[in-house]
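Next come the chains, spelled out residue by residue.
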Amino acid sequence: MRKKARFPGIYLGIILALMYVPILLVIIYSFNESRISSVWSGFSLRWYRDLFRDKDMLEALINSLVLATVSSLSAAVIGTLAAVGMPRVKLRGKSVVEYISTLPIMIPEIILGMVFLVYFSLIRLPFGMITLTVAHTSFCIPYIYMLVKARLVGIDKSYAEAAKDLGANEWNVFWDITLPLILPAIASGVLLSFAMSLDDVVISVFVTGVNTNTLPIRIYTQLKTGVTPKINALSTLMFAATLLIIMLSTWFGRKTTLSVKRRNT
Amino acid sequence: MKKTAIAVLVLFLFASLLAGCAKKEAQPQLNLFTWEGMFPQEVLEAFTKETGIVINYSNFDFNETMLAKLEAAKGRDYDLVIADDYIIETVISRGLAQKLDKSKISNFGNINPIYQGQFYDPKDEYTVPYGAGVQTIVYNDDAVDIDIKGYADLWDPSLADTLGIIANHRVINGMALKVLGESYNTEDLDTIRRAGQKLLELAPNIRIIKDDNLQDDLLSGEIDVAVMYTSQVTMAKLANPDLKVVFPTEGIGFGIMANFIPSNAPNPDAAHKFIDFILRPEISAQCFEWLGYYCTNKAADDLIADEYKDFLTLPEDFTGDMEMIRSVSADAEEVHTEVWTEFKAACGQS
C-alpha cells in the first residue's frame, strides 16, 4: 500500500514545482543587486527604491487596475443581461447572434486590435482610457456570457415559476431568485475577465492613447532595451497583494459561514 | 446589504472612469512614442524641470505597430517617435514625418557624421540618430586558444561546440557573405547560396542559436564565444569586464535608431526642444550609458566612462567601413530563409 501511495506525491511535487518555482525565482531575483538575471550578486532593495521613484510605472499600474475593474464589471452587466435575456427573445437569426457573440475570443487578438484601431479612428474616438475600456469590455463579455448561460441551464425553472405563482413580478423573480443563483457564475466570470484584461498587451497597444499606458505594455515594450529587475520587484508586490486578498477573503468567508451556522443552531 | 454593495460598485465605476479621464492638461506637453526604457528617469525629469514641458511617454512593441498607429492617426497625436532605420524609410516615404527645423536644434552639429546620410534619410532632413546597434563578437579570452579578429576566425576548428549566435538570419547569413567578401544586401541569389554553403561549415561550432539573454550563457560559461547585439554586449561586459569585444575586420553592419517628428505633431516645438536637449554631450553620455547602444553623438564620446568606452564608442581608427542591413527583394529574402533553415537543421536546431 505504501508503495502505491508514493506516486501521487511525486506527481504532485513535480507539478507544484513546475508551477511555483518560476514565481519563487521572480521573487528571489527582485532582491538581486545586479541588473542581469542570471547572476546573483548580493541582496539589495535598490529595485524597490527605483520602482517607487518611477511615477510612470505606478501610474501604469493604477491605469491597469482601473481598466480591468471597469471593463470586467461593465462586461458583467452586459454579459449577464444577454445571457438572461437571450432565451426570451424570439428572433429569426437568434442562433447566428448567439454564435457571433462569442467571436471576440475566437478571433486572434492581433486582428481584433487592428480592427479596433481602424474603427476607433474612423469614428474619431480619442484614443485613451475610453477606447481601452470599450475594447477590453468587448472581449470580456463572452466569458461572462458563456459562464452565466451555462449556469442558467442548470437552474430548475420551477423556482421562477413558483415565485411567479406566489405573486412576484419579473423584476422580483430576477432580483430575488435568478440573480442569487447565477451570482457565483458572474463572480467567476468577473475574475476571469479581470485577469484577461489585466494582462492584455496585443489589443491594448493598438488602442491606447498618448496619455495612457498600461502596465503590460510597459513591461512588454521593455524587451528592446532589456527588462530590469524593477519588474520583478513590481511582480513580487502584486503577488503579495493577491495573496493577502485571497487570505482575507477566505478568512471572511469562514467567519460568515461560522456565524451563519451559529445562528442556525 | 445588497443595495449598498451595488451602490458602492456603481460609485466606484464612475469614480474610476473620472480618474481615468481627468489628466494634467494645463502645462505644455510632449507626446513621446517609443519603446520602454529608452531614457533614464533622471534625464526625463531634468527636461521637465528645465523647460516645464510634461512628457507623456507611451510605448509600442514593434516598429510595425508604430507605423499602423501613426497611419491611423494620420501623423497626429504623437510629437516625437524613436524607431528603427528601416521603418523610418517607410514612414518618410508615406509622408508621415516632417522636416526638422534645424535652427531650433543648436546641437545638431554634435551628431557623429558616420551615422548620418543613411539610406532612410540621405539628406538628414527628417531624423536625428539615437543609438546604434552592431552585431559584435564577444569572447572569453581564457577559454579560447586563438585570437579572434573577425568573422572568419569563427570557422576555426578549435571553437567546436562553443559558439552562441543570435537568431537573426540576415545577420548570420551576412556574416558568411562578409567572409566571402560580399555585401550584406546582395541580390545575387547564387552568392547567397554560396554563403549558405560556407555557413554549413560553421555548424559544428554552433552550440546555441537564440535571440534573448544570450549574454547569460556567455557569463555562465555555457558558451565561450558569442555573436550578439550591442545591448547584450553591454550587459555581458558590465558583469564581466574581462570579456573581449571584437570589431570584425571584414566590416560591420549597423542598425540605427532615430528620432523623427510626425507630419502633424501637435507640439513640434516641444519635440525640437527635446531633440536639442538629448543632443547635449553630457545628457547624451548619460543616455547611452543607460541604454547600452553605440553613442551616436560625437561630442559625447569623450564623456562616456572608461568602463563603457570600448563597447559604446567606435574605435579611433574606425574609417566608416560599415554597411547597413537593408530590406532585399522577395526572391533574395526567400533564398536567405532557405539557407537559414538549412543551417539551423545542420546545427541540430529546428
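Residues numbered from 1 in each chain as written. Chains lettered and ligands numbered in written order. Predicted model: local features only at pLDDT ≥ 70, side-chain atom pairs only at ≥ 80, totals over all residues.

> What am I meant to see in the sheet that holds strand β8 (residues 206–209) of chain B here?
Two pairing modes exist for strands in a sheet, parallel and antiparallel, and in both the strands are linked by backbone hydrogen bonds. All names here are of chain B. The mixed open sheet is built from 5 strands, whose spatial order is β8-β7-β9-β6-β10. Each end of this open sheet is capped by a strand with a single partner; those strands are β8 and β10 (244–246). Between one strand axis and the next, the sheet turns by 20° as a mean value, whatever way the strands run. In terms of strand pairing, strand β7 (residues 163–165) meets β8 through 3 bridges, oriented parallel. Looking across to β8, one finds that I165 is bridged to I209. (Pairing = 2+ DSSP bridges. Helix = DSSP H or I, 4+ residues; strand = E, 2+ residues; numbered from the N terminus. Axes fitted to C-alpha atoms, helices over the stretch in contact; angles between N-to-C directions.)

> Would you explain the interface of chain A and chain B in this entry?
In many reports, interface size means the accessible area that the parts give up when they come together. At the junction of the two partners, chain A supplies 32 residues and chain B supplies 34 residues. Of all elements in the fold, only α3 (55–85), α6 (109–122), α10 (202–207) and α11 (215–220) of chain A reach the threshold of two or more residues within the side of chain A that touches chain B. For the side of chain A that touches chain B, the leading source of residues is α3 of chain A, giving 5 residues. Split by residue class, the side of chain A that touches chain B holds 14 nonpolar, 12 polar and 6 charged. (Contact = placed C-beta atoms within 7 Å. Nonpolar A, V, L, I, M, F, W, Y, C, P; charged D, E, K, R; others polar.)

> Whenever I open this one, helix α8 (residues 230–239) of chain B confuses me. Can you help?
In an α-helix there are 3.6 residues to a turn, and that puts residues three or four apart on one side. Residue and element names in this part refer to chain B. The buried fraction of α8 amounts to 7 of the 10 residues, a majority that puts the element mostly inside the structure. Taken as a whole, α8 has its buried residues at T230, Q232, V233, T234, M235, A236 and K237. Of the surrounding secondary structure, the elements contacted by the buried residues of α8 are β5 (128–134), β6 (136–139), α7 (214–220), β9 (225–228), β10 and α11 (306–312). (Buried ≥ 20, exposed ≤ 12 C-beta atoms within 10 Å, placed from the backbone.)

> Hey, could you run me through helix α6 (residues 189–202) of chain B in this one?
All names here are of chain B. Here α6 contains 14 residues, and its C-alpha end-to-end distance of 20 Å stays within 8% of the 20 Å for a straight helix at 1.5 Å per residue. Considered for burial, the residues of α6 that qualify are I192, A195, G196, L199 and L202. Buried residues of α6, seen end-on, are gathered within an arc of 110° and therefore sit on one face of the element. Turned more than 90 degrees from where α6 packs its buried face, D190 and E201 sit exposed. Buried residues in α6 make contact with α5 (169–179), β8 and α12 (330–346). (Expected span 1.5 Å × (residues − 1). Arc of directions from axis to C-beta.)

> Before we go on, may I ask you to explain the pairing of strand β2 (residues 54–58) of chain B in this structure?
Residues in a regular strand point their side chains to alternate faces of the sheet. Residues and elements named next belong to chain B. With 5 bridges joining them, strand β1 (residues 29–33) and β2 adopt parallel strand pairing. The residue of β2 that forms the bridge with F33 is S58. Each parallel crossover has a hand, and for β1 linked through helix α2 (residues 41–51) to β2 it is right-handed. (Right-handed = clockwise from strand over helix to strand, strands pointing away.)

> Teacher, can you tell me more about the nonpolar core here?
Nonpolar side chains tend to gather and get buried jointly when the protein is soluble and globular. Judged by nonpolar contacts, the single largest core of 136 residues is most densely connected at I144 and V207 of chain A together with V138 and F288 of chain B. Looking at this core element by element, the count peaks at 11 residues for helix α7 (residues 129–153) of chain A. Viewed by domain, this core spans two of them, domain 1 (26–131 + 256–312) and domain 2 (134–253 + 322–346) of chain B, each represented by three or more residues. Once residues within four sequence positions are removed from consideration, V207 of chain A is found in contact with G113, F116, L117, F120, F127, T131, L132 and A135 of chain A. (Core = buried A, V, L, I, M, F, W, Y, C linked by C-beta atoms within 7 Å. Domains from an automatic or database assignment.)

> Help me understand the domain arrangement of chain B in this model?
All names here are of chain B. Taken as a whole, chain B is organised into domain 1 (26–131 + 256–312) and domain 2 (134–253 + 322–346). Computed over C-alpha atoms, the centres of domain 1 and domain 2 are 29 Å apart. The interface is formed by 10 residues belonging to domain 1 together with 12 residues belonging to domain 2. For the side of domain 1 that touches domain 2, the secondary-structure elements that each account for two or more residues are α4 (85–93) and α11. For the side of domain 1 that touches domain 2, the element with the most residues is α11, which contributes 3 residues.

> Would you mind going over the environment of A265 of chain B with me for this structure?
Residue and element names in this part refer to chain B. Inspection of the secondary structure puts A265 in the loop between β11 (254–262) and α9 (268–278). Taking the C-alpha atoms as reference points, A265 and T234, separated by 31 residues in sequence, lie 34 Å from one another. Residues contacting A265, with those up to four places away along its chain left out, are Y78, D79, Q98 and A271.

> Whenever I open this one, unusual backbone geometry confuses me. Can you help?
Glycine aside, the phi torsion of most residues is negative, and most peptide linkages are trans. Residues and elements named next belong to chain B. With phi around 70°, D77 is a residue other than glycine that occupies positive phi space. Residue position: D77 is located in the loop between α3 (63–72) and β3 (80–84). For D161, which is not glycine, the phi dihedral falls at a positive 60°. Mapped onto the elements, D161 comes out in the loop between β6 and β7. Assessed through the 11 C-beta atoms surrounding it within 10 Å, D161 is described here as exposed.

> When you look at the confidence of the model for chain B in this model, what are you seeing that I'm missing?
One rule of thumb: low pLDDT means the predicted coordinates there are not for detailed reading. In the predicted model, chain B carries a mean pLDDT of 86, and the fraction of residues at 70 or more is 91%. Reported confidences for the modelled complex are a pTM of 0.79 and an ipTM of 0.74. (pLDDT = per-residue confidence, 0-100.)

> Would you mind going over the packing of α3 of chain B against α4 of chain B with me for this structure?
For any two helices packed against each other, the geometry comes down to the angle between their axes and how far apart the axes lie. All names here are of chain B. Two elements in contact, α3 and α4, have axes separated by 10 Å at closest approach and are oriented at 15°. Viewed along their axes, α3 and α4 adopt a mutual orientation that is roughly parallel. Remark: the crossing between α3 and α4 carries right-handed chirality. Contact with α3, carried on its side by N63, M66, L67 and L70, involves I87, T90 and V91 of α4 and no other residues of that element. In terms of residue class, the contact of α3 with α4 is built from 5 nonpolar, 2 polar and no charged. (Parallel < 35°, antiparallel > 145°, perpendicular 65-115°, else oblique. Left-handed = near helix turned anticlockwise from the far one by under 90°.)

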